[in-house]
Amino acid sequence: MLASTNTLNIVPFISVENMMNLVLDIGVETFLKELAAYIEEDFARWEHFDKTPRVAAHSPDGVIELMPTSDGALYGFKYVNGHPKNTRSGRQTVTAFGVLSDVDTGYPLLLSEMTILTALRTAATSAVAAKHLVPSRHKTMTIIGNGAQSEFQALAFKAILGVDRLRLYDIDPAATARCARNLEGRGFEIVACHSGHESVEGADIITTVTADKQNATILTDNMVGSGVHINAVGGDCPGKTELHRDILLRSRIFVEYPEQTRIEGEIQQLPGDYPVEQLWQVIAGRAKGRADDREVTLFDSVGFATEDFSALRYVRDKLVGRNVHQPLDLLADPDEPRDLYGMLLRHGQKRTTA
Ligand code: NAD
């Protein structure tokens, strides 16, 4: 139960184990659908949020980022890294944790693991965008890059759009085999492919979710037929892209927050004033999504702070009535608020008399 949040200094902590318990209790597909609704709700009230491109500390092999935002009542931030080389030493490419706070007091309301939550929110956001951008026939999705994010993408597109045919490709066939195995019994028809070209045959949606810190060409122009929706997830850092520039020039491009995507997304390959469309405007009904079944649409996903805020907000609501958190002694709480040093002295006395 969430009773301990009433105690001023106790912060509920959602460990990795408890996040898994929460997701499994709710059910992955239900979780994705409900989370997508929170993400949509926050995109629809976009103008309420403080927005800034994330603060990134780059190194030769990766990046560490802080992603803050607030709607005036709640404040959230996520710490996240991106290190494609990590899988070679048994580590994740992406790990994360985050905090949701009360703006009125500045006190944290929640501290949560966000590695699993990021995979869920990234997939849910992709599916939310796709709702407005996929062609009317959208049964088959290609997924290029079959690592940590891939099953979540597949499940979000199934739960939210009914996509049930997958064509998988990864330069590492073991990754494709694992992804296919993990999705067994979930109602997908799955084809494991041997090349990127083979994987895009007959695809209505192409998801690219590879990890490589370079300007890669996962998709060339001739791989993208008319009417396809591209969900480009892996290019999310300066110097880290997945699509050939020619694809961008013939696509309608939708982004989260242009100021951040121009630095990090596929559109870093284009001039800084190249016209792009904003996802929130489509969700809020102020701009049109896909116009017909011939245009190529591109969601140039990089991940934006409001999506993590929505995810933390959703998790906080879901804690009520469930035993999936630990009370964390995170905040100093002296009996007299200004007597912080006195609290330290009294603790010292207690230790010597114990
Ligand atoms: P991961 O390392 O677990 O998996 C990446 C997979 O891509 C690996 O299996 C690898 O073999 C494969 N790959 C690499 N180069 C390839 C190529 N040329 N062709 C085909 N496959 C190739 O990484 P992950 O956690 O799944 O993340 C994937 C990407 O998504 C990363 O680049 C990460 O930064 C990005 N990401 C973006 C968002 C977002 O919001 N847009 C969120 C999370 C992660």
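Quick caveat: nothing in here was measured; it's all calculated off a predicted structure.

Asks: Got a minute to help me understand the packing of aromatic side chains in this structure?
Replies: Ring pairs (aromatic) are described by centroid distance and by the angle formed between their planes. Using the criterion set out here, one finds nine aromatic pairs in the structure. Linked through ring pairs, Phe43, Trp46, Tyr257, Trp280 and Phe304 together constitute an aromatic cluster. Its guanidinium or amino end placed over the ring of Phe188, Lys158 lies 5.9 Å from that ring's centre, counting from NZ or CZ.

Asks: Hey, could you run me through the site of the ligand in this one?
Replies: The ligand sits among 25 residues. The nearest are Thr93, Asp170, Asp236, Lys240 and Ser301. Measuring from an oxygen atom of the ligand, one finds a side-chain N or O atom of Asp170 at 2.6 Å. The contact in question runs from an oxygen atom of the ligand to an N or O atom on the side chain of Asp236, over 2.8 Å. Burial of the ligand by the surrounding chains reaches 89%, relative to a free accessible area of 860 Å².

Asks: Just checking my understanding: could you explain a nonpolar patch on the surface for this structure?
Replies: Together, Val16, Met20 and Leu24 give the surface a local cluster of nonpolar side chains, amounting to about 300 Å² of exposed area. Positionally, Leu24 belongs in helix H1 (residues 16-26).

Asks: Quick question: what am I supposed to make of the pairing of strand E9 (residues 189-192) here?
Replies: Looking down a regular strand, the side chains alternate between one sheet face and the other. In the sheet, strand E8 (residues 165-169) pairs with E9 via four bridges, with the strands oriented parallel. Bridge pairing links Arg167 to Val191 in E9. Crossover E8 to E9 through helix H5 (residues 173-182) is right-handed.

Asks: Even after reading the chapter, I still don't get the sheet that holds strand E1 (residues 10-14), so can you show me in this structure?
Replies: Sheets are built from strands paired through backbone hydrogen bonds, the pairs being either parallel or antiparallel. The strand order E2-E3-E4-E5-E6-E1-E17 describes an open sheet built from seven strands, whose pairing is mixed. Across the chains shown, the open sheet's two edge strands, defined by having one partner strand only, are strand E2 (55-59) and strand E17 (326-329). Here the average twist between neighbouring strands, direction ignored, is 20°. Examined bridge by bridge, E1 and strand E6 (residues 108-113) share two bridges and lie parallel to one another. Counted as the bridge partner of Phe13 is Leu111 from E6. Packing against the sheet, helix H3 (residues 115-133) makes contact with strand E3 (62-70), strand E4 (74-82), strand E5 (96-102) and E6, and its axis sits at approximately 90° to E6.

Asks: Explain the packing of H1 against helix H2 (residues 28-44) here, please?
Replies: Two quantities define a packed helix pair, namely the angle between the axes and the distance from one axis to the other. Look at H1 against H2: their axes get within 6 Å of each other, and the N-to-C directions meet at 95°. Regarding the angle of H1 to H2, the classification is roughly perpendicular. Residues Leu22, Val23 and Ile26 of H1 form the contact with H2, whose participating residues are Val28, Thr30, Phe31 and Glu34. Residue classes in the contact of H1 with H2 are distributed as five nonpolar, one polar and one charged.

Asks: Could you clarify how one ought to interpret the nonpolar core in this entry?
Replies: Nonpolar side chains in soluble globular proteins tend to be buried together. Core analysis: the largest hydrophobic core is formed by 67 residues, its most contacted members being Phe31 and Val315. Aside from chain neighbours lying at most four places away, what touches Phe31 is Leu22, Val23, Ile26, Leu117, Leu120, Tyr314 and Val315. Among the nonpolar cores identified, the runner-up in size contains 22 residues, and Ile144, Ile206, Leu248 and Val276 belong to it.

Asks: Can you walk me through the side chain of Ser310 in this structure?
Replies: As for its position among the elements, Ser310 is in helix H10 (residues 305-319). Assessed through its relative accessible area of 1%, Ser310 is described here as buried. At 2.7 Å, the side chain of Ser310 forms a polar contact with the side chain of Asp42. In contact with Ser310, not counting residues within four places along its chain, are Leu35, Tyr38, Ile39 and Asp42.

Conventions used here
Residues numbered from 1 in each chain as written. Predicted model: local features only at pLDDT ≥ 70, side-chain atom pairs only at ≥ 80, totals over all residues. Heavy atoms only, no water. Phe/Tyr/Trp six-rings, centres within 6.5 Å; stacked < 30°, edge-to-face > 60°. Lys NZ or Arg CZ within 6 Å of the ring centre and 35° of its normal. Near = heavy atom within 4 Å. Polar contact = N/O pair within 3.5 Å; in protein donor to acceptor, adjacent residues only side chain to side chain. Areas by Shrake-Rupley, 256 points an atom, 1.4 Å probe, with all protein chains shown as cover. Patch = residues over 30% accessible without salt bridge, like charges linked within 9 Å, V, L, I, M, F, W, Y side chains within 5 Å. Salt bridge = Lys/Arg side-chain N within 4 Å of Asp/Glu carboxyl O. Helix = DSSP H or I, 4+ residues; strand = E, 2+ residues; numbered from the N terminus. Pairing = 2+ DSSP bridges. Right-handed = clockwise from strand over helix to strand, strands pointing away. Axes fitted to C-alpha atoms, helices over the stretch in contact; angles between N-to-C directions. Contact = heavy atoms within 4.5 Å. Parallel < 35°, antiparallel > 145°, perpendicular 65-115°, else oblique. Nonpolar A, V, L, I, M, F, W, Y, C, P; charged D, E, K, R; others polar. Core = buried A, V, L, I, M, F, W, Y, C linked by side-chain atoms within 4.5 Å. Buried < 20%, exposed > 50% of the residue type's maximum accessible area, 1.4 Å probe, protein only.

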